[in-house]
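One-letter residues, chain by chain:
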Amino acid sequence: MAKPTFELYDALGEFFLLQSRSATLDGSIPLRAAQHCIPYTEGCSAGLQLVPPFFELKIKKNRKFEISTPNPPDPQFYEETLHWLKYNQILSDYWWSILENGPVWDQGDKAYIWTGYVIRPVENTWILNGGAYNRRAQVKTIDLVYADSQNFQPLFCALDLSEMKPGSYQIAAELGCLLGLQPGVEVKVAPVEDSTAELKAVCDFFDDQYYEQKKTVPATGKYRALGSSRNKPIQASSKKETTEVLLVNMFDSPYQIDTFKNFVTSLGIGPDRKLSDTFKFIILKSAYSAKLDWDGTYWKTKVKAHPLTQKLIEIWTKVGGDAGERFANTVADFVWLPAATESFFNVAPWVLMKTPPGWSSVYDGVHFENAEGLRGVVRTDQLYQVSGVYRLINGPTLNIKKGSPLMRILPIPRNLLNPEYQMKTHEELTL
């Protein structure tokens with residue numbers, strides 16, 4: 001059994017459930033995706049999902065809101081539990097003062113729900129509580145990072161209500177997802193002209209044999225078999241180390257190196273510049289403007305040609321021959337469709353991503369007004385291609401503006417994609 005990456009105590013007796021999720025979302029994803037798209041199915045199953053009791057969220061016209069559930073914690077039990085947590089110094093005075101009024105509170109357009117758990121990561125490991133991707137959610141969540149390995153902190157789900165319209169919303173599915181992070185990640189950016197080895201590795205994967213096999217076997221068959229002995233997870237380091245990941249940028253494709261802003265501490269939730277700077281992730285933006293129309297059966301796409309397309313094709317062709325030319329043309333198309341009869345589409349940012357052995361990358365699609373960005377997990381220590389998958393949800397037309405955010409890339413050791421945890425008992429915490 002892998003070493004636990006965090007400790008957990010369930011103070012309210014499964015008020016929220018913590019569960020692993022199936023790769024097919026209990027059979028609800030398209031059959032073709034379940035059979036052929038490993039990055040998508042691994043994205044579905046990544047992390048541990050926080051499942052709330054049935055909630056009803058009401059947002060009024062004056063921006064006041066109410067969150068109610070038919071199964072709230074018993075008031076006397078809740079009060080006694082809080083006093084016990086405070087008495088045993090598991091809950092700080094700050095959090096006790098917040099939670100004594102109930103497990104839900106608000107601050108401006110943000111709402112917070114205590115899951116009933118307290119959490120403590122092991123040393124040199126962070127736990128990210130973010131959105132539950134790949135199953136449509138009506139509310140937007142806010143990323144919270146747990147980095148304190150010395151003290152337990154309440155495990156919350158944070159909701160961003162700023163863009164939600166007045167009305168009633170039912171919350172019954174996953175509300176949060178726990179992923180492990182290893183701090184000490186730095187991002188190195190290299191131009192495509194200086195990245196011959198990375199280009200050649202991509203061309204060697206998408207060679208003539210790949211497309212020939214694709215006619216008769218699943219498209220991910222080669223990916224499934226790629227370096228199978230190297231696909232095993234590595235243990236995240238317990239020491240403070242710096243891990244460098246490489247972003248190959250094709251002709252100033254827009255991107256942003258970013259950090260997390262909300263850390264949960266004994267004094268509240270807020271930024272911590274010293275901690276933030278030890279984990280860098282990437283926000284990719286669109287190098288194109290595009291318009292997509294779907295009539296319920298077929299797609300029509302219109303993409304404005306990139307002025308450096310021909311130069312891109314020349315560089316890739318010089319490195320990889322026919323395979324390089326074919327891949328460059330695919331990237332130059334920007335938008336391509338897994339199936340013309342489904343409301344899913346892919347986009348191809350003009351970048352490659354390379355991580356150290358044993359590390360994968362989580363690709364989190366950014367949500368558009370009427371398209372949902374999905375989550376994929378790619379073994380970017382072996383396959384450097386970057387693409388995002390989206391699902392149309394409201395209305396037949398989608399416009400993607402040049403420079404608009406497309407996806408977030410999180411580099412993660414594979415053993416932290418589904419972190420192990422140790423559930424503490426009442427007696428252990430008392431001692």
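Refer to the structure above for everything that follows.
Quantities reported herein were computed from a predicted structural model and do not represent experimental measurements.

A. Molecular detail of a negative patch on the surface. Taken together, the side chains of Asp74, Glu79, Glu80 and Glu100 make up a negatively charged region of the molecular surface. Residue placement: Asp74 occurs in the loop between β5 (65–68) and α3 (75–87). With relative accessibility at 46%, the residue Asp74 sits in the partly exposed group.

B. Structural context of empty space enclosed by the protein. Within the structure shown, the criterion is met by four cavities of 30 Å³ or more. Of the voids in this model, the largest cavity is the one considered here, and its volume is about 50 Å³. As for the largest cavity, its lining consists of Met250, Phe327, Thr330, Val331, Trp336, Ala348, Pro349, Val351, Leu352, Gln385 and Val386. At the level of elements, α9 (309–333) and β24 (351–354) are the ones that each hand at least two residues to the lining of the largest cavity. With three residues, α9 is the largest single contributor of residues to the lining of the largest cavity. Looking at the lining of the largest cavity residue by residue, the classes come out as nine nonpolar, two polar and no charged.

C. Inspection of the sheet that holds strand β4 (residues 55–59) at higher detail. Here we have three strands laid out as an open sheet, ordered β5-β4-β12, and antiparallel in their pairing. The open sheet has two free edges, formed respectively by β5 and β12 (167–171), since each of these has just one partner strand. Put simply, the sheet's adjacent strands are angled 15° from each other on average, direction ignored. With four bridges connecting them, β4 and β5 associate as antiparallel partners. Paired with Glu56 across the two strands is Ser68, which belongs to β5.

D. Representation of helix α5 (residues 196–205) in the model. Within α5, burial applies to Glu198, Leu199, Val202, Cys203 and Phe205. For α5, the angular spread of the buried residues around the axis is 160°, confining them to a single face.

E. View of the sheet that holds strand β21 (residues 299–303). The strand order across the open sheet formed by three strands is β21-β20-β29, and the pairing between neighbours is antiparallel. Lying at the two open borders of the sheet, with one neighbouring strand each, are β21 and β29 (397–400). The mean inter-strand angle of the sheet, taken between neighbouring strand axes irrespective of direction, is 10°. Taken together, the five bridges between strand β20 (residues 290–294) and β21 define a ladder with antiparallel strand orientation. Counted as the bridge partner of Trp294 is Trp299 from β21.

F. Broad picture of helix α2 (residues 38–45). Here α2 lies mainly inside the structure; seven of its eight residues are buried. Along α2, the residues that are buried comprise Ile38, Pro39, Tyr40, Thr41, Gly43, Cys44 and Ser45.

G. Examining the pattern of salt bridges more closely. According to the stated counting rule, one finds 19 salt bridges in the structure shown. The partner of Glu66 in a salt bridge is Lys60, with the nearest N and O atoms 3.1 Å apart. Between Asp364 and Arg375 there is a salt bridge, with the nearest N and O atoms lying 2.6 Å from each other. One end of the pair, Asp364, is in strand β25 (residues 359–365); the other, Arg375, is in strand β27 (residues 375–378), with eleven residues separating them in the sequence. Assessed through its relative accessible area of 1%, Asp364 is described here as buried. In this structure Arg375 comes out as buried when scored by relative accessible area, which is 4%. Each of the salt bridges in this network shares a partner with another, and the network as a whole consists of Arg21, Asp26, Arg135 and Glu174.

H. Local environment of the side chain of Gln49. Here Gln49 lies in strand β3 (residues 48–51). Residue class for Gln49 comes out buried when judged on its relative accessible area of 1%. A distance of 3.2 Å separates a polar side-chain atom of Gln49 from the backbone oxygen of Ala46. Among residues more than four places away in sequence, those in contact with Gln49 are Leu17, Leu18, Gln19, Arg21, Cys44, Ala132, Glu174, Gly176 and Cys177.

I. Molecular detail of the environment of Thr24. Residue position: Thr24 is located in the loop between β2 (17–19) and α1 (31–36). On the basis of relative accessible area, Thr24 is assigned to the partly exposed category, the value being 28%. Put simply, Thr24 and Cys44 are 20 residues apart on the chain and 6.9 Å apart in space, counted from C-alpha to C-alpha. Contact partners of Thr24, with chain neighbours within four places excluded, come to Ile29 and Ala34.

J. Quick look at the packing of aromatic side chains. With the rule as written, the count across this model stands at 28 aromatic pairs. When the centroid spacing of 4.9 Å and the interplanar angle of 80° are considered together, the rings of Trp105 and Phe156 count as edge-to-face. Taken together, the residues span a long stretch of sequence, with Trp105 in strand β6 (residues 104–107) and Phe156 in strand β11 (residues 153–160) at a distance of 51 residues. Given the relative accessible area of 14%, Trp105 is considered buried. Taking relative accessible area as the criterion, Phe156 reaches 0% and is therefore assigned buried. Summarising the aromatic geometry, the rings of Trp299 and Phe345 are spaced 5.6 Å apart at their centres and angled 70° between planes, so their arrangement reads as edge-to-face. Pair noted here: Trp299 is in strand β21 and Phe345 is in strand β23 (residues 344–347), with a separation of 46 residues, a long-range link. An aromatic cluster is built from Phe205, Phe206, Tyr210, Tyr211, Trp316 and Phe327, whose rings are joined through pairwise contacts. A cation over a ring is seen here: Lys86 above Trp96, with NZ or CZ 4.0 Å from the ring centre. In this arrangement the basic side chain of Arg408 is found over the ring face of Phe281, its NZ or CZ atom lying 5.7 Å from the centre.

The rules behind these values
- Residues numbered from 1 in each chain as written.
- Predicted model: local features only at pLDDT ≥ 70, side-chain atom pairs only at ≥ 80, totals over all residues.
- Heavy atoms only, no water.
- Patch = residues over 30% accessible without salt bridge, like charges linked within 9 Å, V, L, I, M, F, W, Y side chains within 5 Å.
- Areas by Shrake-Rupley, 256 points an atom, 1.4 Å probe, with all protein chains shown as cover.
- Salt bridge = Lys/Arg side-chain N within 4 Å of Asp/Glu carboxyl O.
- Lys, Arg positive; Asp, Glu negative; His and termini not counted.
- Charge placed at Lys NZ, Arg CZ, Asp CG, Glu CD.
- Helix = DSSP H or I, 4+ residues; strand = E, 2+ residues; numbered from the N terminus.
- Buried < 20%, exposed > 50% of the residue type's maximum accessible area, 1.4 Å probe, protein only.
- 1 Å grid on protein atoms, 1.4 Å probe; cavity = no way out; pocket = protein on both sides within 12 Å on 5 of 7 lines; lining within 4 Å.
- Points joined across faces, edges and corners; volume = space filled by probe spheres on them.
- Nonpolar A, V, L, I, M, F, W, Y, C, P; charged D, E, K, R; others polar.
- Pairing = 2+ DSSP bridges.
- Axes fitted to C-alpha atoms, helices over the stretch in contact; angles between N-to-C directions.
- Arc of directions from axis to C-beta.
- Polar contact = N/O pair within 3.5 Å; in protein donor to acceptor, adjacent residues only side chain to side chain.
- Contact = heavy atoms within 4.5 Å.
- Phe/Tyr/Trp six-rings, centres within 6.5 Å; stacked < 30°, edge-to-face > 60°.
- Lys NZ or Arg CZ within 6 Å of the ring centre and 35° of its normal.

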